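Below are the chains, spelled out letter by letter.
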Amino acid sequence: MDIFIQQIINGLVLGSIYALVALGYTMVYGILGLINFAHGEVVMLGALTAYSTITGLLGLGVPLPVAALAGLAVAALLCMAVGYTVERIAYRPLRGAPRLAPLITAIGVSIVLQNGAMMVWGRNYHAFPNLVPERQYDVFGATITLLQVLTVLLAALTMAGLMLLVLRTKLGRAMRATAENPAIAQLMGVDVNRIVSLTFVLGSALAALAGLMVSANYSIAHYYMGFILGLKAFTAAVLGGIGNLAGAMVGGILLGLIESLGAGYIGDLTGGFFGSNYQDVFAFFVLIAVLVFRPSGLVGEKVAERA
């Protein structure tokens with residue numbers, strides 16, 4: 001039972017990170033119908049930028065809490081600038097093009113960002129500094145750290161704030177109107193281009209936070225870290241129902257739990273033939289199953305094609 005609870009805790013932490021990244025995918029898809037495959041690389045940029053900022057400030061003698069907040073702020077600003085630039089230069093000119101064109105462009109942007117990060121930070125793994133004291137708490141025989149608690153709480157507060165923004169504010173109404181029908185929203189006075197740009201900026205800020213979280217929890221930052229993380233977060237968005245904010249959150253948490261439980265028990269289930277290093281395959285098994293049996297996702301609904 002203690003192993004089961006430990007895997008549940010690990011899954012909730014991992015799922016919280018997946019959910020934050022999945023929100024970026026689902027917001028862009030909900031408004032543009034575009035899969036922004038470069039979003040995982042924005043997460044990577046956030047992690048590496050936070051790493052450089054925090055380590056640089058710590059070297060100057062700045063207190064750790066101040067350095068951590070500054071690292072998050074700088075990473076968020078850089079990621080928001082990248083998100084805005086990518087939308088403005090790479091995606092906006094292709095908004096009326098066939099869907100294959102922006103998809104290929106998104107893959108190209110991902111490669112550019114990844115190689116740019118490799119040129120700046122190199123190929124080596126970077127040891128991410130410990131941001132909080134290494135405190136551990138016992139939960140029915142399992143162990144949860146202070147960092148894991150803060151990760152889940154911060155992710156939950158961020159997702160709740162995003163839902164309030166979308167459902168209770170003027171900007172949120174404009175985002176929902178644009179997602180429903182951009183042409184009609186524009187006739188009603190909504191600046192569609194501005195809303196699309198703000199959606200990219202907001203999703204990129206969430207990506208920066210997710211990048212800091214994943215690097216802090218696993219103590220590494222690397223130029224290639226965004227690729228697999230982005231694919232898993234996309235799987236989470238599809239699992240919950242891409243285009244649906246609540247679905248992205250549910251899908252992220254469920255995928256984290258499935259992956260964590262699978263990694264913990266795959267050895268027992270296969271008689272030791274497979275080990276926990278095969279945990280990545282669960283995300284893609286889930287993606288295949290969802291696409292076959294429920295393409296609209298767990299929370300998503302079938303919608304009519306736009307006229």
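Reading the values: rules and limits
Position numbers for residues count from 1 along each chain, tracking the sequence in the order it is written. Confidence filtering applies because this is a predicted model: local features only for residues at pLDDT of at least 70, side-chain atom pairs given and counted only at 80 or more, and all residues used for totals across whole chains, interfaces and linings. For side-chain calculations, the full set of non-hydrogen atoms in the structure is used, while hydrogens and water are omitted. Strands here are runs of E lasting at least two residues and helices are runs of H or I lasting at least four, both read from the DSSP assignment and numbered beginning at the N terminus. For the radius of gyration, the atoms used are the C-alpha atoms, and the globule rule reads 2.2 Å times the number of residues raised to 0.38. Note on exposure labels: buried denotes an accessible area under 20% of the residue type's maximum, exposed denotes more than 50%, and partly exposed covers the range between, all computed with a 1.4 Å probe on protein chains only. Here, two residues are considered to be in contact whenever any of their heavy atoms come within 4.5 Å of each other. Axis definition: a line fitted to C-alpha atoms, over the contacting stretch in the case of helices. Angles run 0 to 180 degrees between N-to-C directions. These descriptions rest on fixed angle ranges, namely under 35 degrees for roughly parallel, over 145 for roughly antiparallel, 65 to 115 for roughly perpendicular, and the rest for oblique. Residue-level confidence of the predictor, termed pLDDT, takes values from 0 up to 100. In plain words, nonpolar cores are sets of buried Ala, Val, Leu, Ile, Met, Phe, Trp, Tyr and Cys residues tied together by side-chain atoms within 4.5 Å. What makes a salt bridge here is a side-chain nitrogen of Lys or Arg within 4 Å of a carboxyl oxygen of Asp or Glu, nothing more. When DSSP finds two or more bridges between a pair of strands, those strands are recorded as paired. Two N or O atoms form a polar contact when they lie within 3.5 Å of each other; inside protein one atom must be a possible hydrogen donor and the other a possible acceptor, and for residues adjacent in sequence the pair counts only when both atoms belong to side chains.

Colleague: Where do I start with the overall build of the protein chain in this structure?
Modeller: A count of helices and strands for the protein chain gives 11 helices and 4 strands. In terms of overall dimensions, the protein chain is globule-like: its C-alpha atoms have a radius of gyration of 19 Å, near the 19 Å expected for 307 residues. The burial tally for the protein chain puts 46% of its 307 residues in the buried class. Considering only contacts within the protein chain whose residues lie at least 6 apart along the sequence, 77% involve residues at least 24 apart.

Colleague: Before we go on, may I ask you to explain the packing of helix H1 (residues 2-32) against helix H6 (residues 170-180) in this structure?
Modeller: In a pair of packed helices, the angle between the axes and the distance between the axes together describe the arrangement. Where H1 contacts H6, the axes come no closer than 6 Å and their chain directions differ by 55 degrees. Of the possible angle classes, the one that applies to H1 and H6 is oblique. In this structure, H1 uses Met 27, Gly 30 and Ile 31 to contact H6, whose residues at the interface are Met 175, Thr 178 and Ala 179.

Colleague: Whenever I open this one, the confidence of the model for the protein chain confuses me. Can you help?
Modeller: Regions with low pLDDT should not have their predicted coordinates read in detail. Confidence along the protein chain averages 88 in pLDDT terms, with 92% of residues attaining 70 or more. pLDDT under 50 marks residues 302-307. Its contacts with residues more than four places away, or in other chains, come to 7 contacts.

Colleague: When you look at the nonpolar core in this model, what are you seeing that I'm missing?
Modeller: Generally speaking, nonpolar side chains in soluble globular proteins are found buried as a group. Leu 20, Leu 23, Tyr 91 and Phe 128 are the most contacted members of the largest nonpolar core, which has 80 residues in total. Looking at which element gives the most residues to this core, the answer is helix H8 (residues 192-218), with 13 residues. Other than its neighbours up to four places away in sequence, Tyr 91 contacts Leu 34, Asn 36, Ala 38, Val 86, Pro 102, Thr 105, Ala 106, Val 109 and Phe 200.

Colleague: What should I look at first to understand the pattern of salt bridges in this one?
Modeller: A side chain with one charge may pair with a side chain of the opposite charge, provided their charged atoms come close. Per the stated rule, a full pass over the model turns up 3 salt bridges. Between Arg 92 and Glu 87 there is a salt bridge, and its shortest N-O distance comes to 3.1 Å. Each member of the pair Arg 92 and Glu 87 is classed as buried. Linking Lys 232 and Glu 259 is a salt bridge whose minimum nitrogen-to-oxygen distance equals 3.0 Å.

Colleague: Honestly, the pairing of strand S2 (residues 136-139) in this entry has me stumped. Any pointers?
Modeller: On any regular strand, side chains alternate: one points to one face of the sheet, the next to the other face. Of the pairings in the sheet, the one linking S2 to strand S3 (residues 142-145) comprises 4 bridges and is antiparallel in character. When the sheet's bridge partners are listed, Gln 136 is paired in S3 with Thr 145. With antiparallel pairing between neighbouring strands as the criterion, S2 and S3 make up a hairpin whose turn holds 2 residues, including Phe 140 at a positive phi of roughly 50 degrees.

Colleague: Quick question: what am I supposed to make of unusual backbone geometry here?
Modeller: The general pattern is negative phi for most residues beyond glycine and trans for most peptide bonds. Phi at Ser 219 takes a positive value of approximately 60 degrees, unusual for a residue other than glycine. Tracing the chain through its elements places Ser 219 in the loop between H8 and strand S4 (220-221).

Colleague: What is the right way to look at the side chain of Glu 259 in this model?
Modeller: Structurally, Glu 259 is set in helix H10 (residues 245-269). Relative accessible area serves as the criterion here: at 1%, Glu 259 is assigned to the buried category. Side chain to side chain, Glu 259 and Lys 232 meet in a polar contact 3.0 Å long.

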